[in-house]
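A look at the structure
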Amino acid sequence: MTFSRRDFLARSLAASALAFAPFERLAAAVRFRSEPFQLGVASGEPAADGFVLWTRVAPEPFEPGQLGTTVFELEWEVATDRDFGRIAASGTAFARPHLAHAVHVEVGGLAPASEYFYRFRLGRYESPVGRAVTAPAAGAPAESLRFGISSCAHYEQGFFAAYRHMAADGLDLMLALGDYIYEGSWGARRVRLFDVFDAVTLDDYRRRYCQYRTDPDLQAAHAACPWLVTWDDHEVANDYVGFTSEHELCGGEQVRESFPARRAAAYKAWFEHMPVRPSRLLPGGAIRLWGTVDWGSLARFYLLDTRQFRSPQACNPPPTEMRCDSVAGRKLRPGGTGGGGRVDPAEPACKAALEDPSRTFLGEEQERWLDGAFGDSRARWNLLAQAVMFAPLIEGSRESPRVRTDNWSGYPAARERLLGSLARHRVANPVVLTGDVHAFAVNEVENARGQLQAAEFVASSIAAETTNLAAQQPLNPRMVYQDSEHSGYVRFDVAPVRLRADIVGIADMRDPRSGRETLASFELVPGDPRPRRL
Ligand code: CA
């Protein structure tokens, strides 16, 4: 993900030579009724010589189209001090209507392992100041890395106190592991409401991101340090895989035809609001999400896309047995039989479907890429950033065990291939970072032959009604810890000789001023995949 200064200059020249579309016009004077930087600033994807800077010109975030076809030229500055006395890099970027006036600036030419501050300017308007850091130089023996993982932020179900505490933690990096937004409105005790009940169109998803980004705690978290972002289902729709929605099996032609358009809208809005490299948005609207980020020789992150290329969940009943009702012109599933489910893994037909080796979780191309990235890793710690529970998870009871078809337990052959790849390349100290379940968990990950290969840390939600893993822990002896009471995040302090994980719980997600507490701490030492409780 690194690129040289020469590349950077070439790209800047290419960008400034960019011709505007015939309908676009460059703003002559800049005057708005309200602040254009209401959605804040963000940085992401740190490399040894730079990072991505993001902002969006949105003086009226909930009045789409208000800026029309105008193009704005923003100035950006990166400095080594918060007062911008020592400028390290600066330039201009165009905010254009086809990306909702978002900008993604790839800054290069900076010093490795350094702290920077950045801001944007548009006419007389100045953005808030953000803080970013660069990674250590390739192969450099970095001594420390401090990062946090987050997942599942349902805006309606809680406030974002967890993000506020993460922002205050002095982190080098924050990782979002999926369900950064929720497409749908639900929950028994909502503390605030979405303006769009169910996001379907591009305009809906943009409004959703605007609602999230006007939250002061989330905005502070983005300004605090660079983020690495992967996704799960709710960035688009519950339990979708590939081009298949959970409603698809209801047989509604209208639904079948509209889901690819809905997914494209959701992906575009995601790109417009995330601090990611412009190259991630592919022609045709797909997103290239996967990639590695290196932290010197200390750590390598593998960002995985576990939705876009996946085979459909196994063992769903045939469409004729499903209950499909039409609500507001869309098919819904009150019975809950499409998408993911909980199934008996020993039932013969289902067992054959689950274990079919042709089923994939990452898609062939991403699997091949990951195998190559494992093969050339020299990192001490190898950290897989991904969305759903990786370790085998048995639910139900001893008498009638169940597995969930939407996580890796629903794709056992794909999981074994990944574990086989880790073993074949003798990847040092693999650690899986996970979200999705709305509860904290720490797992020892074993392969099908019972060999321990990795540790897994599962972050609870930033804000979402919790799931009860306590009932399942006795069925899963490799689950060495769970907390089903708290929302929150996991904070990691990584050094060459140990990795420490603090499980940070939020006392009350319904209180925006809620305090936090460390619920438990674990340590890993090189060469041993068993997390030790401190
Ligand atoms: Ca999820």
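None of the values given here were measured: they were computed from a predicted structure.

With that settled, consider the state of the cysteines. Counted under the stated rule, the structure contains 1 disulfide. The disulfide partner of C315 is C350, and the S-S distance across this bridge is 2.0 Å. On the sign convention where negative means left-handed, the S-S torsion of about 90° between C315 and C350 marks this disulfide as right-handed. Of this pair, C315 sits in the loop between β14 (299-303) and β15 (325-327) while C350 sits in helix α6 (residues 348-355); the two residues are 35 residues apart in sequence, bridging distant segments of the chain. For C315, a relative accessible area of 25% gives the class partly exposed.

Every protein donor of the calcium ion is listed here as D179 (OD), D232 (OD), D233 (OD) and D436 (OD), and their distances to the metal cover 2.2 to 2.6 Å. For the calcium ion, the single-chain donor residues occur in sequence as D-x52-D-D-x202-D. One end of the pair, D232, is in the loop between β12 (227-229) and α5 (253-273); the other, D436, is in the loop between β21 (430-434) and β22 (440-446), with 204 residues separating them in the sequence.

Another point: the domain arrangement of the chain. As a measure of interface size, the accessible area lost when the parts come together is often cited. Domain parsing of the chain yields domain 1 (18-133) and domain 2 (145-237 + 257-314 + 345-533). Each of domain 1 and domain 2 was reduced to a C-alpha centroid, and the two centroids are 29 Å apart. The partner domain 2 presents 32 residues to the 29 residues of domain 1 that form the contact. Of the roughly 2,600 Å² buried at the junction of domain 1 and domain 2 (both faces included), carbon and sulfur atoms supply 57%. In terms of surface lost to domain 2, no three residues of domain 1 exceed E45, F62 and R131, which account for 26% of the buried area on that side. Ionic pairing is found between E45 and R277, a salt bridge with its closest N-O pair at 3.7 Å. Applying the counting rule to domain 1 against domain 2 returns 15 residue pairs in polar contact (both at pLDDT 80 or more). Secondary structure elements with two or more residues in the side of domain 1 that touches domain 2: β2 (41-47), β3 (50-56), β6 (102-107) and β9 (130-133). Here the side of domain 1 that touches domain 2 takes 7 residues from β2, the largest share from any one element. Of the residues in the side of domain 1 that touches domain 2, the class split is 18 nonpolar, 7 polar and 4 charged.

This part takes up the sheet that holds β14. Strand order across the open sheet formed by 7 strands is β13-β14-β18-β21-β23-β22-β24, with mixed pairing between neighbours. The two strands at the open ends of the sheet, each matched to only one other strand, are β13 (291-295) and β24 (479-483). Ignoring strand direction, the axes of neighbouring strands in this sheet form an average angle of 20°. Together, β13, β14 and β18 (381-385) form the strand contacts of helix α7 (residues 364-375), whose direction differs from that of β14 by roughly 180°.

Further remarks concern the packing of aromatic side chains. Applying the stated criterion across every chain, the model contains 28 aromatic pairs. Here Y180 and W227 contribute two aromatic rings whose centre-to-centre distance is 6.0 Å and whose plane-to-plane angle is 80°, an arrangement assigned as edge-to-face. Of this pair, Y180 sits in the loop between β11 (173-176) and α3 (202-213) while W227 is found in strand β12, placing the two residues 47 residues apart along the sequence. The burial state of Y180 is the same as that of W227; both residues are buried. For the pair W290 and F309, a centre-to-centre distance of 5.6 Å together with 65° between the ring planes defines the contact as edge-to-face. Taken together, the residues W290 in the loop between α5 and β13 and F309 in the loop between β14 and β15 connect sequence positions 19 residues apart. Using a relative accessible area of 6% as the deciding quantity, one classes W290 as buried. Taken together, the ring pairs connect Y155, F160, Y163, Y180, F194, Y209, Y212 and W227 into an aromatic cluster. Seen from the ring of F84, R119 lies directly overhead, with NZ or CZ sitting 3.9 Å from the centre. Positioned above the aromatic ring of F194 is the side chain of R208, whose terminal nitrogen or guanidinium carbon lies 3.6 Å from the ring centre.

Definitions and cut-offs
Residues numbered from 1 in each chain as written. Predicted model: local features only at pLDDT ≥ 70, side-chain atom pairs only at ≥ 80, totals over all residues. Heavy atoms only, no water. Disulfide = S-S within 2.5 Å. Helix = DSSP H or I, 4+ residues; strand = E, 2+ residues; numbered from the N terminus. Buried < 20%, exposed > 50% of the residue type's maximum accessible area, 1.4 Å probe, protein only. Donors = N, O, S within 2.8 Å, 3.2 Å for Na, K, Ca; no water. Domains from an automatic or database assignment. Contact = heavy atoms within 4.5 Å. Buried area = accessible area lost by both parts, 1.4 Å probe. Salt bridge = Lys/Arg side-chain N within 4 Å of Asp/Glu carboxyl O. Polar contact = N/O pair within 3.5 Å; in protein donor to acceptor, adjacent residues only side chain to side chain. Nonpolar A, V, L, I, M, F, W, Y, C, P; charged D, E, K, R; others polar. Pairing = 2+ DSSP bridges. Axes fitted to C-alpha atoms, helices over the stretch in contact; angles between N-to-C directions. Phe/Tyr/Trp six-rings, centres within 6.5 Å; stacked < 30°, edge-to-face > 60°. Lys NZ or Arg CZ within 6 Å of the ring centre and 35° of its normal.

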